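Next come the chains, spelled out residue by residue.
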Amino acid sequence: MSNAAAPATEGPERSDAPAHVAIIMDGNGRWAAARGLPRAEGHRRGVEALRRVVRASHELGIRYLTIFSFSSENWSRPASEIGDLFGLLRRFIRNDLASLHRDGVKVRIIGERDGLEGDICALLNEAEELTRDNTRLTLVVAFNYGSRQEIAKAAQKLAREVAEGRRNPDTIDAETLGAHLDAPDIPDPDLIIRTSGEQRLSNFLMWQAAYSELVFVPIHWPDFDKAALEGAIAEFARRERRFGGLVAKTAS
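Remember, it's a predicted structure, so these values are computed and weren't measured experimentally. (Residues numbered from 1 in each chain as written. Predicted model: local features only at pLDDT ≥ 70, side-chain atom pairs only at ≥ 80, totals over all residues. Heavy atoms only, no water.)

**Digging into the pattern of salt bridges**
- All told, the structure shown has 23 salt bridges when counted by the stated rule.
- Notably, a salt bridge pairs Arg44 with Glu41, separated by 2.7 Å at the nearest N-O pair. Of this pair, Arg44 and Glu41 both sit in helix α2 (residues 39-59), separated by three residues, roughly a single helical turn.
- Since its relative accessible area comes to 35%, Arg44 is described here as partly exposed.
- Under the relative-accessibility criterion, Glu41 is labelled buried at 18%. (Salt bridge = Lys/Arg side-chain N within 4 Å of Asp/Glu carboxyl O. Helix = DSSP H or I, 4+ residues; strand = E, 2+ residues; numbered from the N terminus. Buried < 20%, exposed > 50% of the residue type's maximum accessible area, 1.4 Å probe, protein only.)

Printed below as a string of structure tokens:
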């Protein structure tokens, strides 16, 4: 992701809607625990919330939606829970990919794919290939993703170019490093939302979040819906965004 200009897209436009919203979908386990349900049920309900938010994003005029689906740190969770999460991913792609494609959603995946099971990699590739030419909404799925790892990998690419004599180190600046991240063609998020009340980025889009507005909501992810998304956008629209001392209004 970079500050590249967003391409024209089909669909509704709202002057107060941020072009790119990123969401840390937090609180599935706490939602389940509060109801005496297994964590797997919280994750399942979280997928239902994702369906609602994807649909609402297009209705609200959002052009890019990035979701933190599976962190590179999530491997420390119990094997049974990881299995449940991967099973949900498999079902989501198999059951929802056709409708996403029909609705004009382009799917992009960021994160590390080395070491993933073969069928998972195949499903991720299928999702990207099938929806490649869609333009109504771009759904960026951060899967097996960590921002520090992403930045380190970009630095390694540049270091190799220098070592091979293909680049002068003096040419490396912020723009150059940004161009070597996972999705440099996608604009940085205007708004980052985290559910469940936690107030941190947790290794999510740390480079791209340099000028993002952050909104933290107390709602656990399974309860997040269009109204909650509209509330976060309303908060975004009330703010004055400052870039190097200049004020940029978020809404006209």
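**Notes on the packing of helix α3 (residues 79-102) against helix α4 (residues 118-130)**
- Two elements in contact, α3 and α4, have axes whose closest approach is 10 Å; the angle formed by their N-to-C orientations is 20°. The angle between the axes of α3 and α4 places the two elements in the roughly parallel class. For the crossing formed where α3 meets α4, the hand is left-handed. Together, Phe86, Leu89, Arg90, Ile93, Arg94, Leu97 and His101 of α3 and Asp119, Ile120, Leu123, Leu124, Glu126, Ala127 and Leu130 of α4 make up the contact between the two elements. (Axes fitted to C-alpha atoms, helices over the stretch in contact; angles between N-to-C directions. Parallel < 35°, antiparallel > 145°, perpendicular 65-115°, else oblique. Left-handed = near helix turned anticlockwise from the far one by under 90°. Contact = heavy atoms within 4.5 Å.)

**Details of the sheet that holds strand β1 (residues 20-24)**
- Ordered in space as β3-β4-β2-β1-β5-β6, the six strands form an open sheet in which the pairing is parallel. Single-partner strands in this sheet number two, and they are β3 (105-110) and β6 (213-216). On average, each strand axis in the sheet is inclined to that of its neighbour by 20°, with strand direction left out of account.
- In this structure, β3 lies alongside strand β4 (residues 137-145), joined through six bridges in parallel fashion. Its bridge partner being in β4, Val107 is matched across the sheet by Leu139.
- Against the sheet, α4 touches β3 and β4, its axis set at about 140° to β3. (Pairing = 2+ DSSP bridges.)

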